[in-house]
Amino acid sequence: MIRTGTLGTLPNGLLARTYTLTCKDVSVTLTNYGATLLKVVTPDKNKHPDDILLGYQNIKGYLGQNAACYGATIGPVANRSEFAQIMFNDRVYHLPQNDGPHKQNNLHTDLENGLHKKLWGAKVDKEHNTVILTCSLEDMELGLPGDRTFTARFELSSLNDTHQQLRVSYTCTTNVPTFVNMTNHAYFNLAGHASGSILDQRVCIHAQNYLPIREDGISEGTILPVQDTPFDFREERTIGADMPLSNEQLRRGRGYDHCYCVDNYHDNTTVRSALYASDPQSGRHLHISVSTPGAHFYTGNQLNESDVKDGATYQAHAGFAFEPEFYPNCSRHSEWPQPVCTPTKPYCSTTIYTFSTDIIETEDDIYDM
């Protein structure tokens, strides 16, 4: 079932629409402004529903700075790029300098005009409980080549009686080769979006390696094993278990703000299990599967906002994000997988969020794709 509504009016007079997908006891609300996820409502172990997605109450928050990019579709290039440059096809392409201590780097392409600040076209597919959003950019718009069309597809379905899945699929088509590295910037708090810190919630990340960062947040350009470090979440443990430790990487990120190399990457169409999270108090569980080589784990270290959704206040660690992506700053590292999009090979990526409130004995059945 899909219910439509209005988020608010844009400065140009156009309306930002909302779309609420419902499947059994889970509902997901999104908007065509920025192809942004607004709400994910799931029951706790006592069957009490709550919204587990951080965000704003109305269009005003999303039209504002939205430095946290709550729920947003990010692109064409996610994460941080050194010197605000993309190295592609023996050329250097320039993005806005909007990040780093001297504003010399780039974060998320364009924080004022990126894909998360565009009004996307929308099509509702009630038969498949799906909303399909599209956005087009002209050649060199947002700094990169190609007349490009981006598509974001949101589908909510039932895996079984106890597990509901939100599938988010991104594609980009182009008339000339270009560089595309999209992500979704949803923040989750499995106890409820306004319930405080997520540091006692538990996480397992299927990654043997991660990318360390410099002081300015840019990848150092190396891939290191997680073993014997605070970045080892291969066995489920609390998010904050190692936060008090004097670790240089955690200090640089003010917590976790690092890309993980998700195990078993083959191509950008094969989806595999990446993260499992749980909240012992509410009994909620979240599985995330991705097709991308990596995913950026961010523990909301710099969140500090009042009067957000439901009048709540978000402080540091109010939610965690797990952003599927190609490795950040990968255009400078040809040895890493490259998100190249051509007229004959469109960019495609898929993320699957599985919600439940049951204790899961095995993941094999869930992720047997």
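About the criteria used
- Residues numbered from 1 in each chain as written.
- Predicted model: local features only at pLDDT ≥ 70, side-chain atom pairs only at ≥ 80, totals over all residues.
- Heavy atoms only, no water.
- Salt bridge = Lys/Arg side-chain N within 4 Å of Asp/Glu carboxyl O.
- Helix = DSSP H or I, 4+ residues; strand = E, 2+ residues; numbered from the N terminus.
- 1 Å grid on protein atoms, 1.4 Å probe; cavity = no way out; pocket = protein on both sides within 12 Å on 5 of 7 lines; lining within 4 Å.
- Points joined across faces, edges and corners; volume = space filled by probe spheres on them.
- Nonpolar A, V, L, I, M, F, W, Y, C, P; charged D, E, K, R; others polar.
- Buried < 20%, exposed > 50% of the residue type's maximum accessible area, 1.4 Å probe, protein only.
- Polar contact = N/O pair within 3.5 Å; in protein donor to acceptor, adjacent residues only side chain to side chain.
- Contact = heavy atoms within 4.5 Å.
- UniProt positions renumbered as here; feature names shortened; annotations may be inferred.
- Pairing = 2+ DSSP bridges.
- Axes fitted to C-alpha atoms, helices over the stretch in contact; angles between N-to-C directions.

Draft legend 1. Spatial organisation of the pattern of salt bridges. In this structure the tally under the stated criterion is 16 salt bridges. Note that Glu141 is salt-bridged to Lys118, the shortest N-O span being 3.6 Å. With Glu141 in the loop between strand E12 (130-137) and strand E13 (148-158) and Lys118 in the loop between strand E10 (106-107) and strand E11 (121-125), the pair connects residues that are 23 residues apart, well separated along the chain. Ionic pairing is found between Glu248 and Arg251, a salt bridge with its closest N-O pair at 2.5 Å. Of this pair, Glu248 and Arg251 both sit in helix H2 (residues 248-253), separated by 3 residues, roughly a single helical turn. A cluster of three or more residues bridged by salt bridges with shared partners is formed by Glu215, Glu220, Glu248, Arg251 and Arg252.

Draft legend 2. Summary view of empty space enclosed by the protein. Under the criterion given, the structure shown has 3 cavities of 30 Å³ or more. Taken as a whole, the largest cavity holds about 40 Å³ of empty space. Lining the largest cavity, in full, are Val77, Ala78, Ser81, Ile86, Phe179, Asn181, Tyr327, Pro328, Asn329, Cys330 and Ser331. Its residues assigned to classes, the lining of the largest cavity shows 7 nonpolar, 4 polar and no charged.

Draft legend 3. Spatial organisation of the side chain of Gln164. Along the chain, the position of Gln164 falls in strand E14 (residues 164-174). A relative accessible area of 0% means that Gln164 is categorised as buried. Side-chain polar atoms of Gln164 contact the backbone oxygen of Asn160, separated by 3.4 Å.

Draft legend 4. Spotlight on the environment of Gly8. Looking at the secondary structure, you find Gly8 in strand E1 (residues 2-9). For the pair Gly8 and Tyr33, spaced 25 residues apart in sequence, the C-alpha separation works out to 9.7 Å. Other than its neighbours up to four places away in sequence, Gly8 contacts Leu14, Leu15, Ala16 and Ile59.

Draft legend 5. Looking closely at the UniProt feature "active site" (unreviewed entry) in the protein. Taking the numbering used here, the UniProt-annotated feature "active site" (unreviewed entry) corresponds to His185 and Glu323. Across 139 residues of sequence, these annotated residues stay compact in space, with a maximum C-alpha separation of 5.8 Å. As for the annotated residues, the ones lining the largest pocket are His185 and Glu323. Relative to the helices and strands, His185 is located in the loop between strand E16 (183-184) and strand E17 (187-188). With respect to the helices, strands and loops of the structure, Glu323 is situated in strand E26 (residues 320-325). Glu323 has contacts with His108, Thr183, Asn184, His185, Gly294, Ala295, His296 and Tyr298, leaving out every residue within four places of it along the chain. At 3.4 Å, the side chain of Glu323 and the side chain of His185 are in polar contact.

Draft legend 6. Just the sheet that holds E13, in detail. Within the open sheet, the 9 strands sit side by side as E11-E12-E13-E14-E28-E24-E23-E18-E21. Their pairing is antiparallel. Each edge of the open sheet carries a strand with a single partner, namely E11 and strand E21 (237-238). Judged from the 7 bridges that link them, strand E23 (residues 272-279) and strand E24 (residues 284-290) form a sheet pairing that is antiparallel. Of the residues in E24, the one forming a bridge with Ala277 is Leu286.

Draft legend 7. Here's a closer look at the sheet that holds strand E4 (residues 36-43). Here 5 strands make up an open sheet; going across it, the order is E1-E2-E3-E4-E5 and the pairing antiparallel. Bordering the open sheet on either side are E1 and strand E5 (49-51), each of which pairs with just one other strand. Strand-to-strand twist of the sheet, defined as the mean angle between neighbouring strand axes without regard to direction, takes the value 20 degrees. Where strand E3 (residues 26-31) and E4 come together, 5 bridges link them in antiparallel fashion. Residue pairing for E4: Ser27 is matched across the bridge by Val41.

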